Amino acid sequence: MTDLEKAIAFAKENDYDSAEYEGIWKEYHVYFPSFAVECFTGPPLRILEKDGKFRMSTPEEAFDILHDLHPSTEKERFEIKLLERFMKKLMKHRLL
């Protein structure tokens with residue numbers, strides 16, 4: 001079984017439909033978990049793999065990965081920061 005196949009299996013165990021390889025971040029291989037139908041589920045969590053062990057990112061790690069692996073324009077960075085603040089408030093008040 002390839003690493004991608006393992007990541008897809010891990011994604012399915014966590015109620016996603018699939019996963020795509022995204023890159024390397026802080027010694028982790030990063031995979032983007034996805035659904036067959038696009039939907040909003042909360043923070044942009046990622047699947048992290050290191051030394052053959054898979055885990056879901058924390059919301060904080062997810063935003064760091066988004067910033068580091070996907071450089072963006074000033075406008076996009078502003079929008080990401082707004083989304084990040086909004087998600088943290090939802091999580092703080094247990095609305096998500």
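Residues numbered from 1 in each chain as written. Predicted model: local features only at pLDDT ≥ 70, side-chain atom pairs only at ≥ 80, totals over all residues. Heavy atoms only, no water.

Student: I'd like a rundown of the overall build of the protein, residues and numbers included.
Tutor: Across its full length, the protein holds three helices and four strands. Helices and strands appear in the protein in the N-to-C order α-β-β-β-β-α-α. Over its C-alpha trace the protein gives a radius of gyration of 14 Å, about what one expects of a compact globule, namely 12 Å for 96 residues. Here the protein holds 96 residues, and the buried ones make up 32% of them. Look at the contacts in the protein between residues 6 or more apart in sequence, and 29% of them connect residues 24 or more apart. (Helix = DSSP H or I, 4+ residues; strand = E, 2+ residues; numbered from the N terminus. Rg over C-alpha atoms; globule rule 2.2 N^0.38 Å. Buried < 20%, exposed > 50% of the residue type's maximum accessible area, 1.4 Å probe, protein only. Contact = heavy atoms within 4.5 Å.)

Student: Could you give me a rundown of a nonpolar patch on the surface, with the residues and numbers involved?
Tutor: A grouping of Leu-4, Tyr-21 and Ile-24 is seen on the molecular surface, where their side chains present a nonpolar patch of about 290 Å² in accessible area. Within the secondary structure, Leu-4 sits in helix α1 (residues 3–13). Given the relative accessible area of 36%, Leu-4 is considered partly exposed. (Patch = residues over 30% accessible without salt bridge, like charges linked within 9 Å, V, L, I, M, F, W, Y side chains within 5 Å. Areas by Shrake-Rupley, 256 points an atom, 1.4 Å probe, with all protein chains shown as cover. Salt bridge = Lys/Arg side-chain N within 4 Å of Asp/Glu carboxyl O.)

Student: Tell me what's going on with the pattern of salt bridges, and back it up with residues and numbers.
Tutor: For the structure on display, the rule yields three salt bridges. Between Lys-50 and Glu-27 there is a salt bridge, and its shortest N-O distance comes to 3.4 Å. Pair noted here: Lys-50 is in strand β3 (residues 47–50) and Glu-27 is in the loop between β1 (18–25) and β2 (28–34), with a separation of 23 residues, a long-range link. Glu-27 sits in the exposed class, given a relative accessible area of 62%. Across the pair Arg-55 and Glu-61 runs a salt bridge, and its minimum N-O distance is 2.8 Å.

Student: Provide a residue-level description of the packing of helix α2 (residues 59–69) against helix α3 (residues 74–92), including the pertinent values.
Tutor: The relative placement of two packed helices is expressed as an angle between their axes plus a distance between the axes. Packing of α2 against α3 brings their axes to within 11 Å, and their N-to-C directions diverge by 175 degrees. In this view, α2 runs roughly antiparallel relative to α3, as classed from their interaxial angle. Residues Pro-59, Phe-63, Leu-66 and His-67 of α2 pack against Ile-80, Lys-81, Leu-83, Glu-84, Met-87 and Met-91 of α3. In the contact of α2 with α3, the residues fall into seven nonpolar, one polar and two charged. (Axes fitted to C-alpha atoms, helices over the stretch in contact; angles between N-to-C directions. Parallel < 35°, antiparallel > 145°, perpendicular 65-115°, else oblique. Nonpolar A, V, L, I, M, F, W, Y, C, P; charged D, E, K, R; others polar.)

Student: Give a description of the nonpolar core that names residues and reports values.
Tutor: One finds Ala-7, Phe-10, Ala-11, Tyr-16, Ala-19, Tyr-31, Ile-47, Phe-54 and Met-56 forming the largest nonpolar core, which totals nine residues. Sorting the residues of this core by element identifies α1 and β4 (53–56) as the ones contributing at least two each. Among the elements that line this core, the one with the most residues is α1, at three residues. (Core = buried A, V, L, I, M, F, W, Y, C linked by side-chain atoms within 4.5 Å.)

Student: An account of the pairing of β3 is requested, with residue identities and associated values reported.
Tutor: Two strands pair when backbone bridges link them, and β2 and β3 are joined in this way by three bridges, in the antiparallel orientation. Note that in β3 the partner of Tyr-31 across the bridge is Ile-47. In terms of strand pairing, β3 meets β4 through four bridges, oriented antiparallel. Across the sheet, residue Glu-49 finds its bridge partner in β4, namely Phe-54. In this structure, the hairpin formed by β3 and β4 is closed by a connection of two residues, where Asp-51 is found at a positive phi of approximately 55 degrees. (Pairing = 2+ DSSP bridges.)

Don't take any of this as a statement about function, it's just geometry.
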